[in-house]
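# Geometric and topological summary
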Amino acid sequence: MDQNQLKRLVGEAAVDYVAARVTRDSIIGVGTGSTANCFIDGLARIKDRFAAAVSSSEASSQRLAALGIRVLDLNDVSEFPVYVDGADEVDPGLHAIKGGGAALTREKIVRSVAQEFVCIADASKRVPVMGRFPLPVEVIPMARASVSRALRALGGDPRWREGVVTDNGNIILDVHGFSITDPVGLESEIDHIAGVVTNGLFARRAVDVLLVSNAEGVEQVKRS
């Protein structure tokens, strides 16, 4: 089974997970990226069983709308039961790195309103210690150099993701070289650098349920 098949497998498992937890007036939070797209495509088969979705990116909103799923502005929603999204890395404590698709800020905002964060990933995304995947940091453009200096002082090697502009009009620095043994502490430390909008660590509010696919099927892991 190749990686695309594993993504489709876990995307369908997430649809089944959500279907068992929604009612006709429910709103579903939807993330961004290739694995999230598999979930979005699967939602088409249950779209009559929930009311609407909120999305973490313009691309996901367009994909949902194309399937006939109503998309709401998050400002019009106070709470919803579940947010489903992928991750670039997940550690044993279900802390995650996200932001490979440059939607990390909106993903964090959507996650903050959800009662439960369900992360969908293939087995390659599970790691003992995060940091092999460079940590994305969304930065206000005028602060690129100053934030880069601060990230180097923390032991990282920040590199500008040139040509990428977030949906919020900002840039992304991808920080290489971290071995993230204290994800909660590092998330807070980076977020306090002037000019940082947010970083891709989902540690203070980590994953609640991980659905992870492998050749044998989909495993469900809950945060203890």
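The coordinates are above.
Cut-offs used in this document
- Just so you know, the residues in each chain are numbered from 1, in the order the chain's sequence is written.
- Only residues with pLDDT of at least 70 are given local features in this predicted model, and only at 80 or more are side-chain atom pairs given and counted; all residues enter the totals for whole chains, interfaces and linings.
- Note that water and hydrogens are dropped before the side-chain values are worked out from all heavy atoms of the structure.
- Secondary structure elements are defined from DSSP: runs of H or I of at least 4 residues count as helices, runs of E of at least 2 residues count as strands, and each element is numbered from the N terminus.
- Working definition: with a 1.4 Å probe on protein chains only, accessible area under 20% of the residue-type maximum means buried, over 50% means exposed, and in between means partly exposed.
- The criterion used for residue contact is that any of the two residues' heavy atoms lie within 4.5 Å.
- We treat Lys and Arg as the positive residues and Asp and Glu as the negative residues; His and chain ends play no part in the count.
- Positions of charges follow a simple convention, taking NZ of Lys, CZ of Arg, CG of Asp or CD of Glu.
- For this analysis, a ring pair means two rings from Phe, Tyr or Trp (six-membered ring only for Trp) whose centres lie within 6.5 Å, classed as stacked if their planes differ by under 30 degrees, edge-to-face if by over 60, and tilted for the remaining angles.
- Should the NZ of a Lys or the CZ of an Arg lie within 6 Å of a ring centre and within 35 degrees of the ring normal, that charge is described as sitting over the ring.
- Between any two strands, pairing holds if DSSP finds at least two bridges.
- To obtain an axis, a line is fitted to C-alpha atoms, over the contacting stretch when the element is a helix, and the angle between two such axes runs from 0 to 180 degrees between their N-to-C directions.
- Here, the arc refers to the directions that run from the helix axis to the C-beta atoms.

### As for the overall build of the protein
When helices and strands are tallied, the protein shows six helices and 13 strands. Projected onto its principal axes, the C-alpha positions of the protein cover 50 × 40 × 30 Å. Within the span of the protein, comprising 224 residues, buried residues form 53% of the whole. Contacts spanning at least 24 positions in sequence make up 74% of the contacts within the protein whose residues lie at least 6 apart. Of the charged side chains in the protein, 25 are positive and 29 negative, and the gap between their average positions amounts to 1 Å.

### Concerning the packing of aromatic side chains
What the rule picks out here adds up to two aromatic pairs. Judged by centre distance (6.0 Å) and plane angle (55 degrees), the ring pair of F117 and F202 falls under tilted. Taken together, the residues F117 in strand 6 (residues 114-122) and F202 in strand 11 (residues 201-202) connect sequence positions 85 residues apart. Members of the aromatic cluster, connected to one another through ring pairs, are Y83, F117 and F202. Directly above the ring of F202 sits K98, whose terminal nitrogen or CZ lies 5.6 Å from the centroid. Geometry around W160 places R144 over its ring, the cationic atom sitting 4.0 Å from the centre.

### As for the sheet that holds strand 12 (residues 209-214)
Strand pairing in a sheet is mediated by backbone hydrogen bonds. Such pairs are either parallel or antiparallel. Taken together, six strands build an open sheet; the order of strands is 2-1-3-6-12-13 and the sheet is mixed. Among the strands making up the open sheet, the edge pair consists of strand 2 (52-55) and strand 13 (217-222). Geometrically, the sheet is characterised by an average inter-axis angle of 25 degrees between neighbouring strands, direction not taken into account. The strands touched by helix 2 (residues 34-43) are strand 1 (27-30), strand 3 (80-85) and strand 6; relative to strand 1, the strand with the most contacts, the crossing angle is about 155 degrees.

### Things to note about helix 5 (residues 144-153)
Taken together, the buried positions of helix 5 are V147, S148 and L151. Looking straight down helix 5, one finds its buried side chains confined to an arc of 105 degrees; they lie on one side. Residues R149 and A153 are exposed on helix 5 and point more than 90 degrees away from its buried face. Next to the buried residues of helix 5 lie strand 7 (135-139), strand 8 (157-160), strand 9 (171-176), helix 6 (183-191) and strand 10 (196-199). Count one or two residues on from helix 5 and you reach G155, which has phi positive near 100 degrees.

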